[in-house]
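Report on the structure
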Amino acid sequence: MSSTVNVRLNVNDAEHDLEVEPRLLLVHALRDQLGLTGTHVGCDTSNCGACTIHLDGDAVKSCTILAVQADGAQITTIEGLGSEDNLHPVQEAFWNNHGLQCGYCTPGMIMASAALLAENPNPTEAEVRHALEGNLCRCTGYHNIVKSVLAAAQEGAKA
């Protein structure tokens, strides 16, 4: 009896066939097996949101999903949202509006924000704050994060 399972993940528009232990969290498959370290592990309890990715278009915390549960799924990580030469509008807005300090929560904040704007392209400040409730930042006080999301909305950002 094998202690591993084969899974196929489409991550950032690239197919990956992985052999994983059934208990492996998706965040660890992304970081350790695929080298996509932009998805951060902050708490291992699903409280901080630093590991937020898009799974079949929905923002999810990748520390709450087993890699085997994502078999066949479309996954986008922060690395697949934009590039250094072509930032996603939400990334650009975070840059322009100082929506980060240490940057540890930033990938999760950006992924949650991009998902919000895909669903609600013109959110109110209250809607932005509500959408980001599951993402913790210990540095910024959230003001510039919310300002960044609202600025991205004005620019017509979509995930």
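The structure reproduced in this document is the subject of the present report.

Calculation criteria
Residues numbered from 1 in each chain as written. Predicted model: local features only at pLDDT ≥ 70, side-chain atom pairs only at ≥ 80, totals over all residues. Heavy atoms only, no water. Helix = DSSP H or I, 4+ residues; strand = E, 2+ residues; numbered from the N terminus. Buried < 20%, exposed > 50% of the residue type's maximum accessible area, 1.4 Å probe, protein only. Contact = heavy atoms within 4.5 Å. Disulfide = S-S within 2.5 Å. 1 Å grid on protein atoms, 1.4 Å probe; cavity = no way out; pocket = protein on both sides within 12 Å on 5 of 7 lines; lining within 4 Å. Points joined across faces, edges and corners; volume = space filled by probe spheres on them. Nonpolar A, V, L, I, M, F, W, Y, C, P; charged D, E, K, R; others polar.

Looking at the element boundaries, T106 is found in helix α4 (residues 106-119). Under the relative-accessibility criterion, T106 is labelled buried at 8%. Excluding residues within four positions of it along the chain, T106 makes contact with F94 and L100.

Our next topic: the state of the cysteines. Per the stated rule, a full pass over the model turns up zero disulfides. Cysteine C63 shares no disulfide, and the gap to the nearest cysteine sulfur, in C51, comes to 3.7 Å. Sulfur of C139: no disulfide; nearest cysteine sulfur belongs to C102 and is 3.7 Å away.

Another aspect to go through is the layout of surface pockets. Volume-wise, the largest pocket comes out at about 260 Å³. Within the residue set of the lining of the largest pocket, elements represented by two or more residues are β4 (58-61) and α4. The element that contributes the greatest number of residues to the lining of the largest pocket is α4, accounting for five residues. Taken together, the residues that form the lining of the largest pocket break down as seven nonpolar, four polar and three charged. The computed volume of the second largest pocket comes to approximately 190 Å³. Every element with two or more residues in the lining of the second largest pocket is listed here: α3 (89-96) and α4. Ranked by residue count, the leading element in the lining of the second largest pocket is α3, at three residues. A breakdown of the residues in the lining of the second largest pocket according to their chemical character gives six nonpolar, four polar and one charged.

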